[in-house]
Each structure stands twice: as C-alpha cells, then as structure tokens.
Amino acid sequence: GPHVTCVSRLDLPTSGVLVMALGGWGSTAASYLLAQFAGRLVLKTYHCLCSGNELGSIGSKSVRSARLSIARGDDSGRARISLDAGKEACTLLLVKACYNMVGLDSVQQGNFTFAEVRPLTGRKHQIRAHLASLGRPLVSDAVYGHQAFAADSRWCPRLFLH
C-alpha cells in the first residue's frame, strides 16, 4: 500500500490530531505540509486545565513570551525558562473559565483555570513549560507539575492538555 508520513508531533501525554501526508518525506504532499508548519501557517489550538490562582478574568487574552531551553544532563527532556539561552517561544492564552473546587487535596488549594492556548511558535513542551513558569502547572503534569501531581492524578489520571 501507499506510504504515509507523519508531518506533525505531539508531546506523548498530550491528546490531539497528528497530520499525515500520503507518500514519503520527499513527496509533494509531505513537502507542502511541512512548509505550512515551517511558515507558521498552521493554527494549533489546545484546551488545558491549570492549577493555581487565576490566569486572568474570563475572556481575557494574553501572550506569554520567554526563551525556552532544554535541560541537559538528565533524562526528563524538560524545557526551562532562560533569560539568555534557548529559543524564543510565544503562547497565546485565552481564559475560558475559573474554578475554586472545595474538597480537593491539592497543593494549589483547589483553584483552577480552564484555558484555550495557541502556541505561536513550536518549541518542545512549550505550553507546559510556560504555564509552569507562571506558577500554574497543568493538571496531572508529571514533569512540570510535580508538587501537585500525586493529588491531581487521583481525580485526573492523565495530563489535562487536549
């Protein structure tokens, strides 16, 4: 049968759509789609739940920008915010809802923000690293939300990034 090539990527615990091209890496279809991604013409929208105080009022938009570099010397592949190293990363955040859930055993006191996020650049772990650097790690993020992971995973068994 025909060869199919994946031309997009997702972090392993993130759910979403993977874009495929009919043909190999050198095919017209793959080249066309890869050029769309390289030219930042593809709009990627995710929905997430992050813990901690509100990121803003409902309906508020903001663009978060920081340099991200990948930590070396460990196996986590974790990105970190850096003032002088790494590549520029920009993320658009739109606050959709804010919750204060009582009765949850969470380090963040049960405050959560549901947000629509759009990475304007395509860095590894960009959304996860940006929100964690703001003190608002994603719910059930074992890499960036380690302080709340045990409590979060009791009621949300997977990373809340879709």
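It should be noted that the structure appears before, not after, this text.
Residues take numbers from 1 onward in each chain, read along the sequence in its written order. In keeping with the predicted nature of the model, local features appear solely for residues at pLDDT of at least 70, side-chain atom pairs appear and are counted solely at 80 or more, and the whole-chain, interface and lining totals rest on all residues. Side-chain measures were taken over the full set of non-hydrogen atoms in the model, leaving aside hydrogen atoms and water.

Engineer: Hey, could you run me through the pattern of salt bridges in this one?
Structural biologist: Oppositely charged side chains are able to pair whenever their charged atoms sit close together. Any carboxyl oxygen of Asp or Glu that lies within 4 Å of a side-chain nitrogen of Lys or Arg is treated as forming a salt bridge with it. Per the stated rule, a full pass over the model turns up 5 salt bridges. Taking the shortest distance from any N to any O, the salt bridge between Lys-96 and Glu-116 comes out at 4.0 Å. Residue Lys-96 is located in strand S6 (residues 87-100), and its partner Glu-116 is located in strand S7 (residues 111-119); the two are separated by 20 residues in the primary sequence. Burial classes: relative accessible area under 20% of the type maximum marks a residue as buried, over 50% as exposed, and values in between as partly exposed (1.4 Å probe, protein chains only). Overall, the relative accessible area of 14% leaves Glu-116 in the buried class. Put simply, Arg-118 and Glu-116 hold a salt bridge, and the shortest N to O gap is 3.1 Å. On the basis of relative accessible area, Arg-118 is assigned to the partly exposed category, the value being 25%. Each helix is a run of DSSP H or I of at least 4 residues and each strand a run of E of at least 2, with the numbering of both proceeding from the N terminus.

Engineer: Help me understand the environment of Ser-62 in this model?
Structural biologist: Checked against the element boundaries, Ser-62 lands in strand S4 (residues 61-70). Taking the C-alpha atoms as reference, Ser-62 lies 8.9 Å from Val-95; in sequence the two are 33 residues apart. Contacts are residue-level and defined by heavy atoms, with any inter-residue pair within 4.5 Å sufficient. In contact with Ser-62, other than residues within four places in its own chain, are Thr-91, Leu-92 and Leu-93.

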